[in-house]
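Secondary and tertiary structure notes
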Amino acid sequence: MTAPGPAGAQGTHGAPPTAHPSPHEQRGPAEHADPELARVETGIPGFDVISGGGLPRGRATLVSGEAGAAKTVFAAQFLAEGVRRGQPAVFVSLEEPADELRANLSTLGWPIADWERQELWSFVDASPVVVGESAEAFTDYSLETLAAQIGRAVDATGAVRLAIDSLDAVLLRSAGTEVVRGQLRRLVAELRRLGLTVVLTAETAEADPRLTLTGIGQFVADNVVVLRNRLQGERRRRTIEVLKMRGAGHRGGEHPFSVHPRRGVVVLPGRGGRPLPRPGNDRVPLGSSQLDELCGGGAYRGSVLLVAGPAASGKTLLAASFACAVEPTAGENGPVLFVACDRTREQVLHATAGAGYRLEAAERKGHLRFLPVRPEAPEEMLVAVQLAVEELAPARVVVDGLGAVQRAASEVVFAELVRGLDAVLRATGGTTLLTTSTQPLIGDPQDLHPELLAAADGVLLLRHLDLGDRLARTVAVLGVRGGPAGHQVCELLVDAGGLRLVPLPVPGRLAAGPGAVPGVRRR
């Protein structure tokens, strides 16, 4: 077996790697089995869901994408998961020196240097060597030399997983392209014959229909995964697509992903990944007995409640009331996660303290955790919420200020965020309250997003009502799935004791019936 390296490297052939399972592979846990094809789990959050269980074992997968699309991170993350499972890995670098890769990848929390000392990870450094005085003059690749280097690394580690980053680095600097293509095909075929599960990366230009710059990748790989890093407006959006998986089922279409400093590539969740728990039949209080009565007895445990209203209508106060109403005696034993989208922690504390809500005291006792997020980065926000939920297992979650995210994001991105939040928060089994803003300040709301309405089990609509001599803040329940709710429109009063509701007779068009959304124009 042979593989590429700089011409200046020593070019002796090592013994071919053994085709028998290594002791390391036998130590690892059983992989995900698929009725169609055995799979190797990648450890990339969300990817194994859309790929149908991971990458087919013993086959080659091409990961293609533009610059900055996280191809190298994807490949390294696949290898790191293998090492965590006791399955050694070899990383073949054709572009970036191993020293730089080792330093860069360690920032993602992978102790690669330790794994190398334990012979669980090996770099084959075939990065180009500069010759002469020109920074553009490199040695030619020797595929035979590289093959020998790979053979020695696989034998030394007993590797089960292997990554080559990137194919185009060989082809773009090789004179005899057709000859090199044939050698690459033979190399990949040999890797597959030995039972290695291989990830190959290749670069493509933005908006270029080809999967690789040289057109080789799709001919040497069984499976194709496309990473995209497209500029939309003033920000870039990353998506991942399983384009082809020979002999194996997968979920089609593009799926958003983010690169997190602690977890690497994270494919953002959406609905349909796995069955989610349904809301319970018991109710949890909202922090006001009058509001509980208006909702038919409180919110169903495990449900999602949406509070929508214009600026200064009391959305954050309702969120604070909900956050302070946890009842450990009723089985709500986890803390509250308070996600602040459009205000800082200090602003939330200041806005709610006057109504008697002591969120800071709850925070000191460990009963509440603030999570400030940036509304202009919805993908990062979703990953941060997912990590916090996994860490805390909260009894309740507040996401306050989704309107700020909606204003900053495109229609598609915001819809993906809402679907992802719905999946992440329902999976906790806790009860969630979302708040979002509506327009105009006075009058019928016009921008209550359809995805928010689809995600919510109950909707509270806050409004400013012009009574002639004063403006009144009002609240009405637009319906609660699974149970009755009051139809009364109430005035929302705030004092040092918290929220109070006072029935307010209004014209019939303002009295919301179950499931009705008066004045809401769906987009």
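The rules behind each value
- Residues numbered from 1 in each chain as written.
- Predicted model: local features only at pLDDT ≥ 70, side-chain atom pairs only at ≥ 80, totals over all residues.
- Heavy atoms only, no water.
- Axes fitted to C-alpha atoms, helices over the stretch in contact; angles between N-to-C directions.
- Helix = DSSP H or I, 4+ residues; strand = E, 2+ residues; numbered from the N terminus.
- Parallel < 35°, antiparallel > 145°, perpendicular 65-115°, else oblique.
- Contact = heavy atoms within 4.5 Å.
- Nonpolar A, V, L, I, M, F, W, Y, C, P; charged D, E, K, R; others polar.
- Salt bridge = Lys/Arg side-chain N within 4 Å of Asp/Glu carboxyl O.
- Buried < 20%, exposed > 50% of the residue type's maximum accessible area, 1.4 Å probe, protein only.
- Expected span 1.5 Å × (residues − 1).
- Pairing = 2+ DSSP bridges.
- 1 Å grid on protein atoms, 1.4 Å probe; cavity = no way out; pocket = protein on both sides within 12 Å on 5 of 7 lines; lining within 4 Å.
- Points joined across faces, edges and corners; volume = space filled by probe spheres on them.
- Phe/Tyr/Trp six-rings, centres within 6.5 Å; stacked < 30°, edge-to-face > 60°.
- Lys NZ or Arg CZ within 6 Å of the ring centre and 35° of its normal.
- Polar contact = N/O pair within 3.5 Å; in protein donor to acceptor, adjacent residues only side chain to side chain.

Quick notes on the packing of helix H14 (residues 378-392) against helix H16 (residues 411-427)
Between H14 and H16, whose axes approach to 10 Å, the crossing angle comes to 5°. Judged on the interaxial angle alone, H16 and H14 are roughly parallel. Taken together, the residues of H16 that come into contact with H14 (itself represented by Pro-378, Glu-379, Met-381, Leu-382, Val-385, Gln-386 and Val-389) are Val-413, Leu-417, Gly-420, Leu-421, Val-424 and Leu-425. Classifying every residue of the contact of H14 with H16 gives 10 nonpolar, two polar and one charged.

Here we look at the pattern of salt bridges
Considering all chains together, one arrives at 29 salt bridges under this definition. Here Arg-374 ties to Glu-376 by a salt bridge, and the two come within 3.2 Å at their closest N and O atoms. Overall, the relative accessible area of 40% leaves Glu-376 in the partly exposed class. In this structure, Arg-481 and Asp-457 form a salt bridge, with 3.8 Å as the shortest nitrogen-oxygen distance. Of this pair, Arg-481 sits in the loop between strand S22 (471-480) and strand S23 (490-495) while Asp-457 is found in the loop between helix H17 (450-455) and strand S21 (458-466), placing the two residues 24 residues apart along the sequence.

Observations concerning helix H3 (residues 71-84)
In this model, H3 (14 residues) spans 20 Å end to end at C-alpha, consistent with the 20 Å of a helix rising 1.5 Å per residue. By the criterion of burial, H3 is predominantly enclosed, with 12 of the 14 residues buried. Every buried residue of H3 is listed here: Lys-71, Val-73, Phe-74, Ala-75, Ala-76, Gln-77, Phe-78, Leu-79, Ala-80, Glu-81, Gly-82 and Val-83.

Some remarks on the sheet that holds S21
Spatially, S18-S17-S19-S20-S16-S21-S22-S23-S24 is the arrangement adopted by the nine strands of the open sheet, whose pairing is mixed. Sheet topology places strand S18 (368-372) and strand S24 (498-503) at the edges, where each strand pairs with a single neighbour. In this sheet, adjacent strand axes meet at a mean angle of 25° when their direction is disregarded. Note: strand S19 (residues 396-400) against strand S20 (residues 431-437), four bridges, orientation parallel. If you follow Arg-396 over to S20, its bridge partner there is Thr-431. Contacting strand S16 (304-309), strand S17 (336-340), S18, S19, S20, S21, S23 and S24, helix H11 (residues 315-323) runs over the sheet at an angle of about 170° to S20.

A word on the layout of surface pockets
Estimated volume of the second largest pocket: approximately 340 Å³. Of all the elements in the fold, those that place two or more residues in the lining of the second largest pocket are H11, helix H15 (402-408) and S20. In terms of residue class, the lining of the second largest pocket is made up of six nonpolar, 10 polar and six charged.

Description of the packing of aromatic side chains
For the coordinates displayed, the defined rule picks out six aromatic pairs. Seen in terms of ring centroids, Phe-338 and Phe-370 are 5.2 Å apart; in terms of plane orientation they differ by 50°. Their pairing is tilted. Placement of the pair is Phe-338 in strand S17 and Phe-370 in strand S18, with a sequence separation of 32 residues. As far as burial versus exposure is concerned, Phe-338 and Phe-370 are alike and both buried. Three or more aromatic residues joined by ring pairs make a cluster, and in this case those are Phe-91, Trp-115, Trp-121 and Phe-123. Taking the ring centre of Tyr-300 as reference, the NZ or CZ of Arg-283 above it sits at 3.9 Å. A cation sits over an aromatic face here: Arg-396 above Phe-322, 4.6 Å from the ring centre.

Some remarks on the sheet that holds strand S11 (residues 235-245)
Across the sheet, which stays open at both edges, the nine strands sit in the order S6-S5-S8-S9-S4-S10-S11-S12-S13 with mixed pairing between neighbours. Pairing within the sheet leaves two strands with one partner each, and these edge strands are strand S6 (121-125) and strand S13 (264-267). The sheet shows a mean angle of 25° between the axes of neighbouring strands, taken without regard to direction. When strand S4 (residues 60-65) meets strand S9 (residues 197-203), the two strands line up parallel, connected through six bridges. Counterpart to Val-63 in the pairing with S9 is Thr-201.

A look at the environment of Arg-237
Checked against the element boundaries, Arg-237 lands in strand S11. On a C-alpha basis, the gap between Arg-237 and Pro-256 in space is 7.5 Å, while along the polypeptide they are 19 residues apart. If we skip the residues at most four places from it in the chain, Arg-237 touches Arg-228, Asn-229, Arg-230, Gln-232, Pro-256, Glu-379, Val-412, Val-413 and Glu-416. Within polar-contact distance, the side chain of Arg-237 engages the side chain of Glu-416 at 2.2 Å.

Things to note about the pairing of S19
Counting buried positions along S19 yields five of five residues, so the element is predominantly enclosed. Summarising the sheet, S17 and S19 pair through five bridges and their orientation is parallel. Residue pairing in the sheet places Phe-338 in a bridge with Val-398 of S19.

With respect to H14
In a regular helix each residue adds 1.5 Å, so 15 residues correspond to 21 Å; H14 covers 21 Å between its end C-alpha atoms and thus fits that length. Within H14, 11 of the 15 residues are buried, which leaves it mostly tucked inside the rest of the structure. Regarding H14, the residues found buried are Pro-378, Glu-379, Met-381, Leu-382, Val-383, Val-385, Gln-386, Leu-387, Ala-388, Val-389 and Leu-392.

Remarks on the packing of H11 against helix H12 (residues 345-353)
At a minimum axis distance of 10 Å, the contact between H11 and H12 shows a crossing angle of 85°. Relative to H12, H11 is oriented roughly perpendicular. For the pair H11 and H12, the contacting residues are Thr-316, Leu-317 and Ala-320 in the first and Val-348, Ala-351 and Thr-352 in the second. Among the residues making up the contact of H11 with H12, the classes are represented as four nonpolar, two polar and no charged.

Any functional reading would require information beyond the geometric quantities listed.
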